[in-house]
Amino acid sequence: MKKLLAGAALASVATISLTACGGSSADPVATQAKTSIAKELTANATTASDPFKDATKASCVANNVVDKIGTKALIGYGLIDAQGNATKAKLDSAKASKADATSLVDSLFSCAGPELMAQFQTTMAGREASAPPAAKACLTALFTEDTFRTILVAQMEGSSSADAVATMKDIQTKAAACAAMK
């Protein structure tokens, strides 16, 4: 499944370095985190269609993540340092709590959802190009925004979560069944 998710949409998502909440704009760590995360998102945008090439979208995500998750949690996940600087940690190795992973994914989609889905669908279409029509239809029905969100949350929770592992196995099983259709 990781290969399936290695497309352009996830390249940006998987390399995001996060910051944390902390609340007020008077908090220098939160302020630095928001700035640093936004810069990291923009710097890691690898294609012209990457939604985070747009500094406004990158700032939107950074602000939401810091405000919703908090700097203490982001430091704990190794996504920012004590000064609020984004680290090079990958989200899929951070092992965030389910609530924090969900907040992050919600932030991504509230700021750049249509663009992320377009990238994901383009990636999936490329992988489905040689699939038989029934398999294509099955995969298209499987890989909705809800599925994409579920995959991202599970990746950010990491292998330490039994729920995340079960979710990924379920999606892999369904995708394999689709791919086997003729």
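Placed above this text is the structure.
Read on for an overview of the structure. (Residues numbered from 1 in each chain as written. Predicted model: local features only at pLDDT ≥ 70, side-chain atom pairs only at ≥ 80, totals over all residues. Heavy atoms only, no water.)

Broken down by element type, the protein carries 8 helices and 0 strands. Listing every helix and strand of the protein by position from the N terminus yields α-α-α-α-α-α-α-α. Counting across all 182 residues of the protein, residues that qualify as buried make up 47%. Of the roughly 8300 Å² of accessible surface on the protein, a fraction of 58% belongs to carbon and sulfur atoms. (Helix = DSSP H or I, 4+ residues; strand = E, 2+ residues; numbered from the N terminus. Buried < 20%, exposed > 50% of the residue type's maximum accessible area, 1.4 Å probe, protein only. Areas by Shrake-Rupley, 256 points an atom, 1.4 Å probe, with all protein chains shown as cover.)

The interhelical angle for the contact between helix α7 (residues 145-157) and helix α8 (residues 162-179), taken along N-to-C directions, is 140°, at an axis separation of 9 Å. Relative to α8, the element α7 lies oblique. Two packed elements cross with a definite hand, and for α7 against α8 that hand is left-handed. On α8, the residues touching Thr147, Thr150, Ile151, Ala154, Gln155 and Glu157 of α7 are Ala164, Thr167, Met168 and Ile171. The residue inventory of the contact of α7 with α8, partitioned by class, reads 5 nonpolar, 4 polar and 1 charged. (Axes fitted to C-alpha atoms, helices over the stretch in contact; angles between N-to-C directions. Parallel < 35°, antiparallel > 145°, perpendicular 65-115°, else oblique. Left-handed = near helix turned anticlockwise from the far one by under 90°. Contact = heavy atoms within 4.5 Å. Nonpolar A, V, L, I, M, F, W, Y, C, P; charged D, E, K, R; others polar.)

Turning to the state of the cysteines, a few remarks are in order. Think of a disulfide as a covalent bridge from one cysteine sulfur atom to another cysteine sulfur atom. This structure, assessed with the given rule, holds 2 disulfides. Sulfur-sulfur distance for the disulfide between cysteine 60 and cysteine 111 comes to 2.0 Å. Taking the torsion about the S-S bond as the criterion, the cysteine 60 to cysteine 111 disulfide, at about -70°, is left-handed. Of the two residues, cysteine 60 is situated in helix α3 (residues 55-69) and cysteine 111 in helix α5 (residues 98-128); the sequence distance between them amounts to 51 residues. (Disulfide = S-S within 2.5 Å.)

So, on to the packing of aromatic side chains. Counted according to the given criterion, the structure contains 3 aromatic pairs. On the numbers, 5.8 Å between centres and 80° between planes, the contact of phenylalanine 109 with phenylalanine 148 is edge-to-face. Here the residue phenylalanine 109 occupies a position in helix α5, and phenylalanine 148 occupies one in helix α7, the gap between them amounting to 39 residues. Between the aromatic rings of phenylalanine 120 and phenylalanine 143, the centroid separation amounts to 5.9 Å while the plane-to-plane angle is 75°, which identifies the pairing as edge-to-face. Here phenylalanine 120, found in helix α5, pairs with phenylalanine 143, found in the loop between α6 (133-142) and α7; they are 23 residues apart in sequence, far enough to count as distant. With relative accessibility at 5%, the residue phenylalanine 143 sits in the buried group. An aromatic cluster of three or more residues is present, and its members are Phe109, Phe120, Phe143 and Phe148. (Phe/Tyr/Trp six-rings, centres within 6.5 Å; stacked < 30°, edge-to-face > 60°.)

So, on to the side chain of serine 36. Relative to the elements of secondary structure, serine 36 occurs in helix α2 (residues 28-43). Residue serine 36 is classed as buried on the basis of its relative accessible area of 12%. Setting aside chain neighbours within four positions, we find serine 36 in contact with Gly84, Asn85 and Ala86.

Time to look at the nonpolar core. Of all hydrophobic cores here, the largest spans 43 residues; its most connected members are Phe52, Leu108 and Phe143. Mapped by element, the contributors of at least two residues to this core are α2, α3, α5, α6, α7 and α8. Among the elements that take part in this core, α5 stands out by supplying 11 residues, more than any other. (Core = buried A, V, L, I, M, F, W, Y, C linked by side-chain atoms within 4.5 Å.)

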